[in-house]
Number of protein chains: 2
Amino acid sequence: MAFAPALDALIDAFRVLPGVGQKTAQRMAFHLLQSERQGGQRLAQALGEALERIGHCRQCRMFAEDELCDICRSSRRDARVLCVVESPADVLAVEQNTDFRGRYFVLMGHLSPIDGIGPEELGLDQLRERLRDGEVKELILATGATVEGDATASYIGDLAARHGASATRIAHGVPVGGELEYVDAGTLAQAFSGRRQL
Amino acid sequence: MAFAPALDALIDAFRVLPGVGQKTAQRMAFHLLQSERQGGQRLAQALGEALERIGHCRQCRMFAEDELCDICRSSRRDARVLCVVESPADVLAVEQNTDFRGRYFVLMGHLSPIDGIGPEELGLDQLRERLRDGEVKELILATGATVEGDATASYIGDLAARHGASATRIAHGVPVGGELEYVDAGTLAQAFSGRRQL
Ligand SMILES: [Zn+2]
Ligand SMILES: [Zn+2]
């Protein structure tokens, strides 16, 4: 059934959200139009503004509105330890579930030659620069416990070694094949404390 | 953990969507910012336009961009039979799963004195006008199989009787307490064919 064109367009547009199919998209559109028009306006505006304002931190590639994210700007975070993660959601998971007080480097993915994702796409040139500066003494490699995550960690471990920084890999507890974002708090905390030298 | 303000605002705004909590809202925001910026722009725009353009059909209260919705405008739909439903999603369910070829009246809710929703809020003045016009001969009362849906159907059934129109209530198949929108195709088709005189 075809609705008014603007409604069809909205339903279609909602399908860009993760896990949202036709039926859910319809429910979302109907719900906003029927009983949450103000909330809908707020969402349209927040989305437009976020897309316009949110870029990546120049130093760690985390989402940021300014040149540097809050964590890179904070003098209370230990600049000698960098936790390397695949995604912004992983930063959140580590912040919420561990007592890590260093800084981050967000790869925005993992090595995947088949998809054309190599060291450059992951910002490893940037990471190399930071290792060259000499301030960073330790990398905690918190990429996913997947084949790609392991390969990425191993590649970055070599990079660290060549610049005289130590690299540890989080290990115990993260279920094999699991994504960091969905790991429970205790498991992730254990993975941090049980990290081992590469 | 606090993100950039524009990101916090976006995550918060996503929570207006049905069934979306903090965690899902975060995933949605991250997904759009990380890998679907174009789709995100399209969503922001489609949402703004839908909220601006989509109102309600003057005749049946269904969502519509113009004064009348497609179904009310179509001369191929039988104007003598009106299917009365609670929500736009119900119109969709009936259109997709039955061979109903009449028109609709969308209540946008059901009678609920406790929430201050009376006949006026459901547009029953409008429905009364249409019954008075004399073109409508039958109302199919397809409100939900809930206490409120039954009360609403009964109220509208009386209204129909006072204007010399017959009223049938869809009956068999819709599980008690169930909402029309989630009923499977066969059940809904059966509910239509098994409707009985009120
Ligand atoms: Zn940063
Ligand atoms: Zn209409």
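Each chain carries its own residue numbering, running from 1 in the direction its sequence is written. Ligands are numbered from 1 and chains lettered from A, in the order in which they are written. Local features are withheld for residues below a pLDDT of 70 in this predicted model, meaning they are given only at 70 or higher, and side-chain atom pairs are given and counted only at 80 or more; totals for whole chains, interfaces and linings count all residues. Derived side-chain values reflect all non-hydrogen atoms in the structure, with water molecules and hydrogen atoms excluded from consideration.

Asker: So what's going on with helix α1 (residues 5-14) of chain A? Residues and values would help.
Answerer: Relative accessibility under 20% of the residue-type maximum defines a buried residue, over 50% an exposed one, and the middle range a partly exposed one, all with a 1.4 Å probe and only protein chains included. Secondary structure is summarised from DSSP: a helix means a run of H or I of at least four residues, a strand means a run of E of at least two, and numbering begins at the N terminus for each. Within the sequence span of α1(A), burial applies to A:Ala6, A:Leu7, A:Leu10, A:Ile11, A:Ala13 and A:Phe14. Axial view of α1(A): buried residues confined to an arc of 165°, hence all on one face. Projecting away from the buried face of α1(A) at angles above 90 degrees are the exposed residues A:Pro5 and A:Asp12. Tucked into the core, α1(A) has its buried residues touching α2 (22-35) of chain A together with α3 (37-53) and β2 (63-64) of chain B. The directions from the helix axis to the C-beta atoms form the arc being described. Residue contacts are defined here by distance: any two heavy atoms, one from each residue, within 4.5 Å place the two residues in contact.

Asker: Describe the packing of helix α3 (residues 37-53) of chain A against helix α1 (residues 5-14) of chain B, and please don't skip the residues or the numbers.
Answerer: Between the N-to-C directions of two axes lies an angle of 0 to 180 degrees, each axis being a line fitted to C-alpha atoms and, for a helix, fitted only over the stretch in contact. For the pair α3(A) and α1(B), interaxial distance at closest approach is 9 Å and the crossing angle is 150°. Of the possible angle classes, the one that applies to α3(A) and α1(B) is roughly antiparallel. The handedness of the crossing between α3(A) and α1(B) comes out as left-handed. On α1(B), the residues touching A:Arg42, A:Leu43, A:Ala46, A:Leu47, A:Ala50 and A:Arg53 of α3(A) are B:Ala6, B:Ala9, B:Leu10, B:Ala13 and B:Phe14. Reported orientations rely on four angle classes, namely roughly parallel under 35 degrees, roughly antiparallel over 145, roughly perpendicular from 65 to 115, and oblique for the rest. Crossings are classed by handedness, with left-handed meaning an anticlockwise turn of the near helix from the far one by less than a right angle and right-handed meaning a clockwise turn.

Asker: Summarise the coordination of the zinc ion (ligand 1); cite the residues concerned and give the values.
Answerer: All names here are of chain A. Within the protein, Cys57 (SG), Cys60 (SG), Cys69 (SG) and Cys72 (SG) serve as the donor atoms for the zinc ion (ligand 1), at 2.2 to 2.3 Å. The site at the zinc ion (ligand 1) holds four donor atoms, and with the angles between them running 105 to 117°, its shape is tetrahedral. For the zinc ion (ligand 1), all donor residues lie on one chain, and their spacing in sequence is C-x2-C-x8-C-x2-C. Of this pair, Cys57 sits in the loop between β1 (55-56) and β2 (63-64) while Cys72 sits in helix α4 (residues 70-73), and the two are 15 residues apart along the sequence. Coordination partners: N, O, S within 2.8 Å of the metal, 3.2 Å for Na, K and Ca; water not considered, so apparent gaps in a site are possible. In short, tetrahedral needs four donors with all angles between 85 and 135 degrees, square planar needs four and octahedral six donors with opposite donors over 155 degrees apart and all other angles between 65 and 115, and whatever is left is irregular.

Asker: Could you give an account of the packing of helix α6 (residues 124-133) of chain A against helix α7 (residues 147-162) of chain A, with specific residues and numbers?
Answerer: All names here are of chain A. It is at 10 Å that the axes of α6 and α7 come closest, and there the two elements cross at 30°. Of the possible angle classes, the one that applies to α6 and α7 is roughly parallel. Crossing hand, α6 versus α7: right-handed. The segment α6 lies against α7, with Leu124, Leu127, Arg128 and Leu131 engaging Tyr155, Ile156, Leu159 and Ala160. Classifying every residue of the contact of α6 with α7 gives seven nonpolar, no polar and one charged. Residues are grouped as follows: Ala, Val, Leu, Ile, Met, Phe, Trp, Tyr, Cys and Pro are nonpolar; Asp, Glu, Lys and Arg are charged; every other residue, Gly included, is polar.

Asker: Could you give me a rundown of the coordination of the zinc ion (ligand 2), with the residues and numbers involved?
Answerer: Residue and element names in this part refer to chain B. Around the zinc ion (ligand 2), the protein contributes the donor atoms Cys57 (SG), Cys60 (SG), Cys69 (SG) and Cys72 (SG), which lie 2.2 to 2.3 Å from the metal centre. Taken together, the four donor atoms surrounding the zinc ion (ligand 2) define angles of 104 to 118° at the centre, an arrangement classified as tetrahedral. Each donor residue of the zinc ion (ligand 2) belongs to the same chain, with the gaps between them written as C-x2-C-x8-C-x2-C. Owing to a relative accessible area of 7%, Cys69 belongs among the buried residues under this scheme.

Asker: Give a detailed account of the interface of chain A and chain B, specifying residues and quantitative values.
Answerer: With 57 residues of chain A at the interface, the matching set in chain B holds 56 residues. Put simply, buried area is how much 1.4 Å-probe accessible surface two parts lose in total, over both of them, once they are put together. Summing both partners gives a buried area of about 5,100 Å² for chain A against chain B, and 74% of it is carried by carbon and sulfur. In what follows, salt bridge is the name for a side-chain nitrogen of Lys or Arg lying within 4 Å of a carboxyl oxygen of Asp or Glu. Run the count over chain A and chain B and you get zero salt bridges. Any pair of nitrogen or oxygen atoms within 3.5 Å is treated as a polar contact; in protein, a donor-acceptor pairing is required on top of that, and neighbouring residues in sequence qualify only through side-chain atoms on both sides. Inspection of the region where chain A meets chain B yields six residue pairs in polar contact (both at pLDDT 80 or more). Of all the secondary-structure elements, those providing two or more residues to the side of chain A that touches chain B are α1, α2, α3, β2, α4 and α5 (88-97) of chain A.

Asker: Which residues make up the packing of aromatic side chains, and what values go with them?
Answerer: Two rings belonging to Phe, Tyr or Trp (six-membered ring only in the last case) form a pair when the distance between their centres is within 6.5 Å. Interplanar angles under 30 degrees mark stacking, angles over 60 mark edge-to-face geometry, and anything in between is tilted. Following the criterion strictly, the structure yields four aromatic pairs over all chains and no others. Ring plane angle 50° and centroid distance 5.6 Å describe the contact between A:Phe63 and B:Phe30, whose orientation is recorded as tilted. A residue pair is termed interchain when its members come from two chains, as with A:Phe63 in strand β2 and B:Phe30 in helix α2 (residues 22-35). Summarising the burial analysis for this pair, A:Phe63 and B:Phe30 share the class buried. Pairing A:Phe100 with A:Tyr104 gives two aromatic rings, centres 5.3 Å apart and planes at 70°, and the pair type is edge-to-face.

Asker: Describe the nonpolar core, listing the residues and the values that go with them.
Answerer: Grouped together as the largest cluster of nonpolar side chains are 104 residues, with contacts concentrated most on A:Leu7, A:Phe14, A:Leu17, B:Leu7, B:Phe14 and B:Leu17. Discounting chain neighbours no more than four positions away, the residues touching B:Phe14 are A:Leu17, A:Leu43, B:Val20, B:Ala25, B:Met28, B:Ala29 and B:Leu32. The criterion is simple. A nonpolar core is a set of buried Ala, Val, Leu, Ile, Met, Phe, Trp, Tyr and Cys residues joined through side-chain atoms within 4.5 Å.

Asker: Residues and numbers for the relation of the copies chain A and chain B, please.
Answerer: Superposing chain A onto chain B requires a rotation of 180° together with a translation of 0.0 Å along the rotation axis, leaving an RMSD of 0.1 Å. In the structure described here, the two chain copies are related by an operation that fits a two-fold rotation axis. Taking C-alpha positions as the reference, the residue of chain A nearest the rotation axis is A:Ala44, at 2.2 Å. When the interface residues of chain A are mapped onto chain B, 98% of them again lie at the interface, so the same face is used by both copies. The fit set for superposing copies consists of C-alpha atoms from residues with pLDDT of at least 70 in both; the fit itself is least squares.

Asker: Describe unusual backbone geometry, listing the residues and the values that go with them.
Answerer: Residue and element names in this part refer to chain A. Positive phi, close to 60°, is recorded for Met108, a residue that is not glycine. With respect to the helices, strands and loops of the structure, Met108 is situated in the loop between β4 (102-106) and α6. For Met108, a relative accessible area of 19% puts it in the buried group.

Asker: Explain the pairing of strand β3 (residues 78-85) of chain A residue by residue, including any values.
Answerer: Residues and elements named next belong to chain A. With six of its eight residues buried, β3 lies for the most part within the structure. Pairing analysis gives five bridges linking β3 to β4, with the strands arranged parallel. Directly across from Asp78, in β4, lies its bridge partner Gly102. For crossovers, right-handed means that the path from the first strand over the helix to the second runs clockwise, given strands pointing away from the viewer. Where the polypeptide runs from β3 across α5 and back to β4, its parallel neighbour, the crossover connection is right-handed. Pairing analysis gives four bridges linking β3 to strand β5 (residues 138-141), with the strands arranged parallel. Across the sheet, Leu82 pairs through a bridge with Leu139, a residue of β5. A pair of strands is considered paired only if DSSP assigns at least 2 bridges between the two.

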